[in-house]
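Remarks on the overall topology
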Amino acid sequence: MGDHLWTVRWELAAVGGAMAVIGFHDWGWGDSGFRFIEEGWFAKNTRHGGMDKIGHAFSTFVIADLLTDQIRANAANPAGAQITGSLLAFGIMGLVETLDGFAGKHRFSREDIAANAVGAAFSMIRNTVPGMREKLDWRLMYTPASYERPGITSSDAGFLPPYERQRYVMALKASGFERLKNTPLRYVELHAGFDARGFEKKERALGYPIERTFYVGVGLNLNEVLFGAGPLPNFAKHRDTLPARIARRTFEYIQVPYTAVYGGNRFSTIRR
């Protein structure tokens, strides 16, 4: 554990610094005394329709993955890297939630802690089960204005995209399957996604209905298109350069708009 912690000391400092900046700038840490809140999960009477819970789980998952990869690449003994990475991410996000308890507009939520545990567990499983990481990505899409109703186009002056501009996507990659990785299907992904709209203050002011939507779709595997070893001309020979490694990692967690086709099913629409 000591070796693992030393290996990611700079990454921990960077994550801690970034969280501090966002916490004081966006979340209002320190503007109230410590308080609890019961937020619920995905119901129509929750504050964000569950987008905040998915956001907590996703953030923990990404931090755990990044720490796991650094430990595996640099530790003298990388065995159990996925356990260390997941525990560290859960601890970081637990500290974030504790500091949220001192923010009047957020407060400490047990549901957020549970969501953090889900994200940490998913990263641990994904980095333990052989082949799972090659097959399955979890991504965030910052939806462009053309995906939304008129009026929901601002970023609310925060570092993170507001909930009304987020969609979360699970992508099953054909390139991760032995029978498909050498066929044209290597470029194809199957997607399942979720978003919630109408819960935020700006949406309420514009009179938008409360809607929660599941999506299914077919997308392009950008990592395979740009850096794969297939017949298409691409940047495969540069895949191990620093810019290419950054791009490949980004596409693992970020869904680029207009690279997939979706069909949605609004399972709940409530008019105001």
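Structure shown above.
I will try to describe carefully the structure that is included in this document.

Conventions we followed
- All residue numbers refer to positions counted from 1 along the written sequence of the respective chain.
- Only residues with pLDDT of 70 or above have their local features reported here, since the model is predicted, and side-chain atom pairs are shown and tallied only from 80 upward, although totals for entire chains, interfaces and linings are computed over all residues.
- With hydrogens and water stripped out, all remaining heavy atoms of the structure feed into the side-chain values.
- The numbering of helices and of strands both runs from the N terminus, where a helix is a DSSP run of H or I of at least 4 residues and a strand a run of E of at least 2.
- Working rule for contacts: check all heavy atoms of both residues, and any pair within 4.5 Å makes them a contact.
- Any pair of N or O atoms that falls within 3.5 Å is considered a polar contact. Within protein, one atom must be able to donate a hydrogen and the other to accept it, and sequence-neighbouring residues count only if both atoms are side-chain atoms.
- Relative accessible area decides the class of each residue, using a 1.4 Å probe on protein chains only: under 20% of the type maximum gives buried, over 50% gives exposed, and in between gives partly exposed.
- Strand pairing is assigned whenever DSSP identifies at least 2 bridges connecting the two strands.
- Note on aromatic contacts: the rings of Phe and Tyr and the six-membered ring of Trp form a pair at centre separations within 6.5 Å, being stacked when their planes are under 30 degrees apart, edge-to-face when over 60 apart, and tilted otherwise.
- Remark: a charge is flagged as sitting over a ring if the NZ atom of Lys or the CZ atom of Arg is within 6 Å of the ring centre and within 35 degrees of the ring normal.
- The convention used is that axes are lines fitted to C-alpha atoms, helices contributing only their stretch in contact, and that angles between N-to-C directions extend from 0 to 180 degrees.
- Working rule for angles: under 35 degrees goes down as roughly parallel, over 145 as roughly antiparallel, 65 to 115 as roughly perpendicular, anything else as oblique.
- Should the near helix be turned anticlockwise from the far one by less than a right angle, the crossing is termed left-handed; should it be turned clockwise, right-handed.
- Side-chain atoms within 4.5 Å are what join buried Ala, Val, Leu, Ile, Met, Phe, Trp, Tyr and Cys residues into a set we call a nonpolar core.

**Structural notes on the environment of Y262**
Mapped onto the elements of the fold, Y262 is located in strand β7 (residues 260-270). Apart from residues no more than four positions distant in its own chain, Y262 is found in contact with M141, R167, V169, H191, Y215, V216, G217 and Q255. Within the structure, Y262 has its side chain in polar contact with the side chain of H191 (distance 2.8 Å).

**A word on the pairing of strand β4 (residues 166-173)**
In terms of burial, β4 is largely enclosed, as six of its eight residues are buried. Pairing of strand β3 (residues 136-142) with β4 involves seven bridges; the strand directions are antiparallel. From the neighbouring strand, Y142 faces β4, where its bridge partner is Q166. Of the pairings in the sheet, the one linking β4 to strand β5 (residues 188-197) comprises six bridges and is antiparallel in character. What sits directly across from Y168, in β5, is F194.

**So, the packing of aromatic side chains**
Enumeration over the complete set of coordinates arrives at 16 aromatic pairs. Here the aromatic residues F58, F61, F122, W138, Y168 and Y253 are joined through ring pairs into a cluster of three or more. Positioned above the aromatic ring of W6, the side-chain terminus of R9 is 3.9 Å from the ring centre. Between R167 and the ring centre of Y262, over which it is positioned, the NZ or CZ distance is 5.4 Å.

**Considerations on the packing of helix α3 (residues 51-74) against helix α4 (residues 81-100)**
Closest axis-to-axis distance for the α3/α4 pair is 7 Å, and the angle between their directions is 140 degrees. By the angle between their directions, the pair α3 and α4 is classed as oblique. For α3 against α4, the interelement crossing comes out right-handed. Of the residues in α4, those touching α3 at H56, S59, T60, I63, A64, L67, T68, I71 and R72 are A81, Q82, T84, G85, S86, L88, A89, F90, I92, M93 and E97.

**Thoughts on the environment of Y258**
Here Y258 is to be found in the loop between α9 (242-253) and β7. For the pair Y258 and D26, spaced 232 residues apart in sequence, the C-alpha separation works out to 29 Å. Look past the residues within four positions of Y258 in its chain and what remains in contact with it is P144, S146 and Y147. Reaching out from Y258, the side chain makes a polar contact with the side chain of S146 at a distance of 2.3 Å.

**Quick word on the nonpolar core**
What tends to happen in soluble globular proteins is that the nonpolar side chains get buried as a cluster. Within the largest apolar cluster, 18 residues are counted, with the highest numbers of intra-cluster contacts made by F58, F61, F122, W138 and Y168. Elements with a contribution of two residues or more to this core: α3, α5 (110-126), β3 and β5. Per-element accounting of this core gives the leading share, six residues, to α3. Listed in part, the 15 residues of the second largest apolar core include L67, A75, L88 and M93.

In short, the description is geometric, and any link to function would need to be established separately.
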